[in-house]
Amino acid sequence: QVQLVESGGGLVQPGGSLRLSCAASGSIEIIYTMGWYRQGPGKQRELVARITSGGTTNYVDSVKGRFTISRDNAKNTVYLQMNSLKPEDTAVYYCKQDRGPLSYWGQGTQVTVSS
């Protein structure tokens, strides 16, 4: 079974930083597109950031300049560095791996931004 395990969530003050990690199981011989999604209270799940096998990245406008997605292919792990956090960033963050037509999701990690 494909397993995606997120970590790094927690409580942080506005303006603070967190780094999320998502470790994917399976062979590292094939590099897949991976991304981070989030679902805030009473909101729909949205794409936050994505990184392709070639390293191309994209972000939702609300996090551009504050969040950075990266990957370590040797570890089959994707990261989301979140800086200048705002209360509206509060959400459960999920990583996703796309394997052709199939998508695999992690269990989610809670990020709470509050003073």
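Below you will find a few notes about this structure. Note that the structure is a prediction, hence the values are computed from the model and not measured.

### Notes on the pattern of salt bridges
Now for step 1: Applying the stated criterion across every chain yields a total of five salt bridges.
Now for step 2: Between Arg-38 and Glu-46 there is a salt bridge, with its nearest N and O atoms 2.8 Å apart.
Now for step 3: Classification of Arg-38 as buried rests on a relative accessible area of 6%.
Now for step 4: Given a relative accessible area of 30%, Glu-46 falls into the partly exposed group.
Now for step 5: With a closest N to O distance of 2.8 Å, Arg-66 and Asp-89 form a salt bridge. Note that Arg-66 is positioned in the loop between strand E6 (57–59) and strand E7 (67–72) and Asp-89 in the loop between strand E8 (77–82) and strand E9 (91–99), a separation of 23 residues in sequence. Just as Arg-66 is buried, Asp-89 falls in that class too.
Now for step 6: In the salt-bridge network here, residues are joined through shared partners; they are Arg-38, Glu-46, Arg-66 and Asp-89.

### Some remarks on the nonpolar core
Now for step 1: Core analysis: the biggest nonpolar cluster contains 23 residues, and Trp-36, Val-48, Phe-67, Leu-80, Met-82 and Tyr-93 have the highest contact counts within it.
Now for step 2: Broken down by secondary-structure element, the contributors of at least two residues to this core are strand E3 (18–24), strand E4 (33–39), strand E5 (46–51), E7, E8, E9 and strand E11 (109–113).
Now for step 3: The element that contributes the greatest number of residues to this core is E3, accounting for four residues.
Now for step 4: Residue contacts for Tyr-93: discarding those within four places in its chain leaves Glu-6, Leu-20, Trp-36, Tyr-37, Arg-38, Val-48, Phe-67, Leu-80, Met-82, Gly-108, Thr-109 and Val-111.

### Considerations on the pairing of E3
Now for step 1: Burial analysis of E3 places five of its seven residues in the buried class, the great majority of the element.
Now for step 2: Where strand E1 (residues 4–7) and E3 come together, four bridges link them in antiparallel fashion. Opposite Val-5, over in E3, you have Ala-23 as the bridge partner.
Now for step 3: Pairing of E3 with E8 involves six bridges; the strand directions are antiparallel. Bridging from a neighbouring strand, Leu-18 pairs with Met-82 of E8.

Rules used throughout
- Residues numbered from 1 in each chain as written.
- Predicted model: local features only at pLDDT ≥ 70, side-chain atom pairs only at ≥ 80, totals over all residues.
- Heavy atoms only, no water.
- Salt bridge = Lys/Arg side-chain N within 4 Å of Asp/Glu carboxyl O.
- Buried < 20%, exposed > 50% of the residue type's maximum accessible area, 1.4 Å probe, protein only.
- Helix = DSSP H or I, 4+ residues; strand = E, 2+ residues; numbered from the N terminus.
- Core = buried A, V, L, I, M, F, W, Y, C linked by side-chain atoms within 4.5 Å.
- Contact = heavy atoms within 4.5 Å.
- Pairing = 2+ DSSP bridges.

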